[in-house]
Amino acid sequence: MAMGSDGPAAVRGERRANPGPEIPADTVHRLFEPFRRLNERTHTAGEGAGLGLSIVASIARAHGAEATADANPGGGLSVRVRFP
């Protein structure tokens, strides 16, 4: 049995959580699409383009892994990448 970042697991993986706005659970899967954002861009300094999670998912797939995300209660996301 391999040791994952959250304890013993059948697969190795990494999980990261971040703060942020509340995200409806039914929209989380769409955030993995390129240029998809929770809200429309306001073109302010430091604002992302909506590519981060799609890049994570592409890299995970290229290595035979899976990227998933869950909305955190109170806001933000927990993203997990699991490797076989």
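Residues numbered from 1 in each chain as written. Predicted model: local features only at pLDDT ≥ 70, side-chain atom pairs only at ≥ 80, totals over all residues. Heavy atoms only, no water.

**Observations concerning unusual backbone geometry**
Consideration 1: A positive phi angle, near 65°, is found at Phe35, a position not held by glycine.
Consideration 2: Locating Phe35 in the fold gives a position in the loop between strand 3 (12-18) and helix 1 (52-62). (Helix = DSSP H or I, 4+ residues; strand = E, 2+ residues; numbered from the N terminus.)

**Looking at the sheet that holds strand 3**
Hydrogen bonding along the main chain pairs the strands of a sheet, whether they run parallel or antiparallel.
Consideration 1: Pairing is antiparallel in the open sheet, where three strands are placed in the order 3-5-4. The sheet is open, and its two edges are formed by strand 3 and strand 4 (66-71), each paired on a single side. Within the sheet, the average angular offset between the axes of one strand and its neighbour, ignoring direction, is 15°. (Pairing = 2+ DSSP bridges. Axes fitted to C-alpha atoms, helices over the stretch in contact; angles between N-to-C directions.)

**With respect to helix 1**
Consideration 1: What helix 1 keeps buried is the set Leu53, Ser54, Ala57 and Ala60. Projected down its long axis, helix 1 shows its buried positions confined to an angular sector of 125°, all on one face.
Consideration 2: Elements in contact with the buried residues of helix 1: strand 4 and strand 5 (77-83).
Consideration 3: Directly after helix 1, the chain includes Gly64, whose backbone phi takes a positive value near 75°. (Buried < 20%, exposed > 50% of the residue type's maximum accessible area, 1.4 Å probe, protein only. Arc of directions from axis to C-beta. Contact = heavy atoms within 4.5 Å.)

**Some words on the pattern of salt bridges**
Consideration 1: For the structure shown, the criterion picks out two salt bridges.
Consideration 2: In this structure, Glu14 engages Arg16 in a salt bridge whose closest nitrogen and oxygen atoms are separated by 2.7 Å.
Consideration 3: Residue Glu33 pairs with Arg36 through a salt bridge whose shortest N-O separation is 2.8 Å.
Consideration 4: Take Glu33: its relative accessible area is 32%, and that puts it in the partly exposed class.
Consideration 5: Classification of Arg36 by relative accessible area gives partly exposed; the value is 38%. (Salt bridge = Lys/Arg side-chain N within 4 Å of Asp/Glu carboxyl O.)

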